[in-house]
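Residue-level structure breakdown
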Amino acid sequence: MSTLEDESDAFARRISDAVSAFIGDTVPFKATSSGSRFVVSDDTDGIVIPVGDVGTLALEVNYRCELDGAGLYLKVLSSKVAVYAGSRPKGDPLFRYEYVYDQGGGLPAGHLHVHAHRDQFTRVMTLAGVSGAARRKPAPDAELEAARMSRIHFPTGGHRFRPTLEDVLQMIQEEFGAKSGPNWPEVLRANRVQWRRHQTGAAVRDCPSEAVRVLEELGYVVSPPAGGPAPDREDRLAAF
Amino acid sequence: MGSSTTVSMTPSELTDELRRLETELGMTVEIAEHLAAADALDADLYQVLRRIRDLRWLQTA
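Note that the structure is a prediction, hence the values are computed from the model and not measured. (Residues numbered from 1 in each chain as written. Chains lettered and ligands numbered in written order. Predicted model: local features only at pLDDT ≥ 70, side-chain atom pairs only at ≥ 80, totals over all residues.)

Right, let's get into the overall build of chain B. The helix and strand inventory of chain B stands at three helices and one strand. Among the 61 residues that make up chain B, the fraction classed as buried is 20%. (Helix = DSSP H or I, 4+ residues; strand = E, 2+ residues; numbered from the N terminus. Buried ≥ 20, exposed ≤ 12 C-beta atoms within 10 Å, placed from the backbone.)

Following this line, the structure appears as structure tokens:
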């Protein structure tokens, strides 16, 4: 098996393990690769989450990833975790958490879309369009789309501090009373610790000067490398 | 507890599979997207649309 297939299979397995632990039953995931990219999605007709005795929510999970040229680093280029009322996803969820690595265009990389309706929101969005806000200008073929509340990207903490799939699953459990599988608490804790360790490392690479300052405050002695200290990555720190 | 499968596709396999899925969808992808946004797309067809989105993205690599 090639490196890409190894990585994509391991990634799909990790996501499947987390969702399966939450549901309390095996939820299969599929990785499809081509070139240096792969997509991981649930391999189901909808991940059904029982709520109470009769209700259900449905979950849709999708990750799009790329392996760098050397085959060393896996990069998540985008992700989507959408939660639907009912037992089958149909395209218009209650809400969806998304991440887009190379977002740009004044939009946040990590964000939340709320698929709801409120007159005041529509009014403010329409007024913004009339006032010239580029984001709210209606496209010629989709006049009614620009003022949809679901078009708003609510920011969720940027590249390093965005919520994970596990955070969304715990929120479903806490807020909607979904029952989780017996191993879920352990899996949640282990995955969250692993994710935050990984992201802490990435945040240190973004801002080594702050890492040095905190370590010295804690009593560590930190020596710079022979080639001089690694510069802070202002672009990453300032990214939306 | 989880399970995963992997599929590796060549560019020509991607093209063939997309053609098959677009036929299965029975309408243009643009119309399907509008229906999905309005919560008016059949759930089975939404699964087809999801797969089309993924394969189209892989095709852009």
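What follows continues from the structure just given.
Another point: helix H5 (residues 208-217) of chain A. Little of H5(A) sits out of view: just zero of its ten residues are buried. Directly after H5(A), the chain includes Gly219(A), whose backbone phi takes a positive value near 100°.

Before going further, it helps to examine the interface of chain A and chain B. Tallying the contact residues gives 33 residues for chain A and 24 residues for chain B. Here the side of chain A that touches chain B takes nine residues from helix H1 (residues 3-23) of chain A, the largest share from any one element. Class assignment of the residues belonging to the side of chain A that touches chain B gives a composition of eight nonpolar, 13 polar and twelve charged. (Contact = placed C-beta atoms within 7 Å. Nonpolar A, V, L, I, M, F, W, Y, C, P; charged D, E, K, R; others polar.)

This part takes up the domain arrangement of chain A. Interface size, as often reported, equals the accessible area lost upon joining of the parts. All names here are of chain A. Domain assignment breaks chain A into domain 1 (1-116) and domain 2 (158-240). Computed from C-alpha coordinates alone, the two centres of domain 1 and domain 2 are separated by 20 Å. Taken together, the contact pairs 21 residues of domain 1 with 22 residues of domain 2. Elements supplying a minimum of two residues to the side of domain 1 that touches domain 2: H1, strand E3 (47-51), strand E4 (55-67), strand E5 (74-85) and strand E6 (95-100). (Domains from an automatic or database assignment.)

On to the pairing of strand E2 (residues 37-42) of chain A. All names here are of chain A. For E2, a buried count of six out of six residues is recorded, marking the element as mostly surrounded by other parts of the structure. Here strand E1 (residues 28-34) runs beside E2; their pairing, made up of six bridges, is antiparallel. Residue Phe29 lies in a different strand from E2, and its bridge partner there is Asp42. Linkage of E1 to E2, two consecutive antiparallel strands, is achieved through a turn of two residues, within which Gly35 is found at a positive phi near 65°. (Pairing = 2+ DSSP bridges.)

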